[in-house]
Amino acid sequence: MTRAASCLRSTALLSCAIITLTCSSGQAAEADFLERFRGTWSGSGKVQREGSSQPRQVTCSVRGSPAENRISAQGTCRAALIFSRQIGVDLAYDPRSGAYRGTYTGSRIGPARLTGTRSGDTVNLRIEWPRPVNGDTQAAMAIRNDGQGSLRITVADNLTPGGPVQQTSEIILARR
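Predicted model only: the values in this text are computed from it and were never measured.

Thresholds applied
Sequence order sets the numbering: in each chain, residues are counted from 1 along the sequence as written. Restriction of local features to residues with pLDDT of at least 70 applies here, the model being predicted, together with a cutoff of 80 or more for giving and counting side-chain atom pairs; totals for whole chains, interfaces and linings are based on all residues. Side-chain metrics rest on all non-hydrogen atoms present in the structure, leaving aside hydrogens and water. Under the DSSP-based scheme used, a helix requires at least four consecutive residues in state H or I and a strand at least two consecutive residues in state E, with every element numbered from the N terminus. Buried residues are those whose accessible area, probed at 1.4 Å on protein chains only, stays under 20% of the maximum for their type, while exposed residues exceed 50% and partly exposed ones sit between those limits. Counted as positive: Lys and Arg. Counted as negative: Asp and Glu, with His and the chain ends omitted from the count. Basic side-chain nitrogens of Lys or Arg form a salt bridge, by our definition, when they fall within 4 Å of a carboxyl oxygen of Asp or Glu. Think of a polar contact as two N or O atoms within 3.5 Å of one another; within protein, one of them needs to be a possible hydrogen donor and the other a possible acceptor, and neighboring residues in sequence only count if both atoms come from side chains. Here a strand pair is declared whenever DSSP counts at least two bridges between the two strands. Fitting a line to C-alpha atoms yields each axis, with helices limited to the stretch in contact; the angle taken between N-to-C directions then spans 0 to 180 degrees. When checking whether two residues touch, look at their non-hydrogen atoms; a contact exists if any pair is within 4.5 Å.

Engineer: Quick question: what am I supposed to make of the side chain of Asp157 here?
Structural biologist: The topology assignment puts Asp157 in strand S9 (residues 150–158). The buried charged residue Asp157 lacks any salt bridge partner; its closest oppositely charged side chain belongs to Arg108, at an N-O distance of 9.9 Å. Only 3.3 Å separates the side chain of Asp157 from the side chain of Asn134, close enough to count as a polar contact.

What follows is the structure in structure tokens.
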């Protein structure tokens, strides 16, 4: 084998080793992040269903069940004695693309698709509603888990078609 071929082979092997180590550490970091969601969570917050309504105070409880490259969190939110709604997020992480994809349930118009990525302690997601909400079919959701027993879920949307995007929901949960 020539010196050039040997050098090229060594460079290729080194590149493969670096890629393998980077992917392995990235997957381990994501697994550690998903594990933060395990257990039972409860808390409260405000939810504004549409532009013409006032925000409602809600109390919620959720159980998080992580699995390999996946998180499922299912529970209930209540507004006084007026209503109770089943809620849930089911997200899968794709290690090749670094993207999260899944479904949000709990809206009165049906399940919504979620897509996004993680930055630090927060998964930033685009919501695609099955029908228009506040004049369009998109909103934004952020799920922040600080790893210290605090979980914050926020939704931002424009409350009038073409209007400014503003926070429409914020629920803060603590691990029980």
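Engineer: Explain the sheet that holds S9 to me, please; I cannot follow it from the model alone.
Structural biologist: Pairing between the strands of a sheet is mediated by backbone hydrogen bonds and can be parallel or antiparallel. Sheet architecture is closed into a barrel: 10 strands sit in the order S1-S2-S3-S4-S5-S6-S7-S8-S9-S10, paired in antiparallel fashion. Here the average twist between neighbouring strands, direction ignored, is 25°. The pairing of strand S4 (residues 83–94) with strand S5 (residues 99–105) spans 7 bridges and is antiparallel. When the bridges of S5 are listed, Leu91 appears paired with Gly102.

Engineer: Mind showing me how you'd approach the environment of Asp90 here?
Structural biologist: Of note, Asp90 is situated in strand S4. Classification of Asp90 as partly exposed rests on a relative accessible area of 29%. Separated by 10 residues in the primary sequence, Asp90 and Tyr100 have C-alpha atoms spaced 9.9 Å apart. Every residue in contact with Asp90, bar those within four places of it in the chain, is listed here: Arg70, Ile71, Ser72, Arg101, Gly102 and Thr103.

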